[in-house]
Amino acid sequence: MTSRQHRTPSVSCVLPAFNEAGNLPNVVPEILQALRGLFSTVELIIIDDGSRDDTLKVARGLSEIHPEVVVLELSRNFGKECALTAGLQAAQGDVVVLMDADGQHPVTLLPEMLAHWQKGMDVVYAVRRTRLDQSPLQRHLTGLFYELVNFGNRVKIPAHAGDFRLMDRAVVAALNALPERNRFMKGLYAWVGFPSIAIDYEPLLRQAGKSNFGLMGSVKLALTGFTAFSIAPLRLLALLGLAMAVLSVAYGFWITFEYFAWGIDVPGYATVMVSTMFLSGVQMLGLGIVAEYVGRIYEEVKQRPTFLVRQRDGAGLPAPVKAPTDAPQR
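Every value quoted in this text rests on a predicted model; they were computed, and no experiment measured them.

Basis of the calculations
Residue numbering note: each chain is counted from 1, following its sequence as written. Predicted model: local features are reported for residues with pLDDT of at least 70 only, side-chain atom pairs are reported and counted for 80 or more only, and whole-chain, interface and lining totals are derived from all residues. Computation of side-chain values covers all heavy atoms of the structure but excludes hydrogens and water. Only the contacting stretch of a helix is used when fitting its axis, a line to C-alpha atoms as for every element, and angles between N-to-C directions run 0 to 180 degrees. Where helices and strands are cited, they refer to DSSP runs of H or I of at least four residues and of E of at least two residues respectively, numbered from the N terminus. By definition in this entry, angles of less than 35 degrees are roughly parallel, angles greater than 145 are roughly antiparallel, angles of 65 to 115 are roughly perpendicular, and the rest are oblique. Whether a crossing is left-handed or right-handed is set by the direction in which the near helix is turned from the far one by less than a right angle, anticlockwise for left-handed and clockwise for right-handed. The contact criterion used throughout is that any non-hydrogen atoms of two residues lie within 4.5 Å. When residues are grouped by polarity, Ala, Val, Leu, Ile, Met, Phe, Trp, Tyr, Cys and Pro land in nonpolar, Asp, Glu, Lys and Arg in charged, and all others, Gly among them, in polar. We count a salt bridge whenever a side-chain nitrogen from Lys or Arg sits within 4 Å of a carboxyl oxygen from Asp or Glu. For two strands to be treated as a pair, DSSP must find at least two bridges joining them. For the exposure calls, accessible area comes from a 1.4 Å probe over protein chains only, and a residue counts as buried if that area is under 20% of its type's maximum, exposed if over 50%, partly exposed in between. Residue types Ala, Val, Leu, Ile, Met, Phe, Trp, Tyr and Cys, when buried and joined through side-chain atoms within 4.5 Å, form a set referred to as a nonpolar core. Confidence of the predictor at the level of single residues is captured by pLDDT, which takes values from 0 to 100. Ring pairs shown here join Phe, Tyr and Trp side chains whose ring centres sit within 6.5 Å, with only the six-membered ring taken for Trp; geometry is labelled stacked below 30 degrees between planes, edge-to-face above 60, and tilted in between. Residues enter patches when their relative accessible area tops 30% and they take part in no salt bridge; the joining distance is 9 Å for like charges and 5 Å for the nonpolar side chains Val, Leu, Ile, Met, Phe, Trp and Tyr. Only the protein chains shown count as cover for residues, and all accessible areas are computed by the Shrake-Rupley method using a 1.4 Å probe.

Tell me what's going on with the packing of helix 6 (residues 169-177) against helix 7 (residues 185-192), and back it up with residues and numbers.
Running from N to C, helix 6 and helix 7 cross one another at 120 degrees; their axes reach a closest spacing of 10 Å. Considered as vectors, helix 6 and helix 7 are oriented oblique to each other. Crossing hand, helix 6 versus helix 7: right-handed. Contacts between helix 6 and helix 7 involve Val171, Ala174 and Leu175 from the first element and Leu188, Tyr189 and Val192 from the second. A breakdown of the residues in the contact of helix 6 with helix 7 according to their chemical character gives six nonpolar, no polar and no charged.

Go over the pattern of salt bridges, please, and point to the residues and values.
It is possible for side chains of opposite charge to pair when their charged atoms get near one another. If you walk through the whole model with that rule in mind, you get eight salt bridges. Here Asp94 and Arg7 are joined by a salt bridge, their closest N and O atoms 3.3 Å apart. Of this pair, Asp94 sits in the loop between helix 3 (80-90) and strand 4 (95-98) while Arg7 sits in the segment before strand 1 (11-17), and the two are 87 residues apart along the sequence. When the shortest N-O distance is used, the salt bridge between Lys80 and Asp163 registers 3.1 Å. Here Lys80, found in helix 3, pairs with Asp163, found in strand 6 (residues 161-168); they are 83 residues apart in sequence, far enough to count as distant. When salt bridges with common partners are traced through the structure, they connect Arg60, Glu73, Arg310 and Asp313 into a single cluster.

Could you give an account of the sheet that holds strand 8 (residues 309-313), with specific residues and numbers?
Spatially, the eight strands line up as an open sheet ordered 7-5-6-4-1-2-3-8, and their pairing is mixed. Edge positions in the sheet fall to strand 7 (196-201) and strand 8, since each has one partner strand and no second. Shown here is a sheet whose adjacent strand axes are inclined to one another by a mean of 20 degrees, direction ignored. Bridge count for strand 1 against strand 4 is four bridges, and the pairing is parallel. In the sheet register, Ser12 faces strand 4, and the bridge partner there is Val96.

Account for the side chain of Thr306, with residues named and values stated.
In this fold, Thr306 is placed in the loop between helix 10 (269-302) and strand 8. Residues within four places of Thr306 in sequence aside, it is in contact with Phe78, Cys82, Thr85, Glu180, Arg181 and Arg183.

How would you sum up the side chain of Thr55? Please name residues and give values.
Relative to the helices and strands, Thr55 is located in helix 2 (residues 55-65). For Thr55, a relative accessible area of 0% corresponds to the buried category.

Requested: an account of the nonpolar core, with residues and values cited.
Core analysis: the largest hydrophobic core is formed by 35 residues, its most contacted members being Leu15, Val28, Ile31 and Ile46. The element that contributes the greatest number of residues to this core is helix 1 (residues 24-36), accounting for six residues.

Outline the confidence of the model for the protein chain, supporting the account with residue identities and numerical values.
Considering every residue of the protein chain, the mean pLDDT works out to 78; 75% of them sit at 70 or more. Taken as a whole, residues 325-330 scores under 50 in pLDDT and shows zero contacts with residues more than four places along the chain or in a different chain.

Can you explain the packing of aromatic side chains? Please cite residues and give values.
Under the definition given, this model contains one aromatic pair. Plain terms: the ring middles of Phe164 and Tyr201 are 5.7 Å apart, the flat faces sit at 80 degrees to each other, and that makes the pair edge-to-face. With a gap of 37 residues between them, Phe164 in strand 6 and Tyr201 in strand 7 connect regions that are remote in the sequence. Each of the two residues, Phe164 as well as Tyr201, counts as buried.

Lay out a nonpolar patch on the surface with the relevant residues and their values.
Residues Tyr251, Trp254, Phe257 and Trp262 make up a contiguous nonpolar surface patch of roughly 480 Å² in combined accessible area. Considering the arrangement of structural elements, one finds Tyr251 in helix 9 (residues 232-262).

Quick rundown of the packing of helix 1 against helix 2? Include the residues and the values.
Two quantities define a packed helix pair, namely the angle between the helix axes and the distance between the axes. At a minimum axis distance of 10 Å, the contact between helix 1 and helix 2 shows a crossing angle of 35 degrees. In the crossing of helix 1 with helix 2, the sense of the turn from one axis to the other is right-handed. Between helix 1 and helix 2, the residues in contact are Leu24, Pro25 and Val28 and Thr55, Val58, Ala59 and Leu62, respectively. Tallied by class, the residues present in the contact of helix 1 with helix 2 amount to six nonpolar, one polar and no charged.

Set out below in structure tokens:
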């Protein structure tokens, strides 16, 4: 770790983009200028995640102007988690920086991130101070999600930490070795471990357009996070079933006691209907929760690739040279 103190590493900056044609012409030169002043060699990988606007055309134009820019065109829209995975697999730098293409991640944090890496931190991740750009409902649900997913979980996912981070080559290699198809990157960052440190920041305003990640996208990502990193819903379902069984037995004893002690007739129709409808609802809820986990298993066992690259433009950095191994003795 101490060998990093006076070392200037190479860097790969991964920039997933979906309908960001209005932001790339300003964001890419700004990021490149910041990276060139901090790192020995630079590559900036733009992943076009099936954009419907001119994102791909703009990205290719930037790669012709800036030799550091690499463009990966995915065959369709796979989602941000898959686009990040594609960028991580293509990255060749000593360190890898993940940023958004909307200009909300301030490049002024990059020197501090590099300084922490030089002091021995393998991961430097940024944590949002506020979420004022989101609706009150989305802010509340986001906080609730982190509380629930970390409940009883040995691996704690840092709350309000996004994808904006700097990672050492060893961390990237560990992430690339994980075989999940349903990838929840914020959980995977936490799962691989490595020495980490958080720095807080305030997101900048989008330079153009509007966010493509709304409430429904957050809910879908939260479901992926729950099924990938928590079995708490299954445990709660089991506890609910146990509690209902105990209450049912207790209620049966109480009805029997009333009949023999006070001669009260056992109510029939209303009790049967209410209990039947309640139990049916609980069963359907339980089946739905189990089905979510089974569905994720179904997706995993098919072993389809996480993403498909239609075309790559730009050379990028050369692959890291592996340390030579000793030749076998004869």
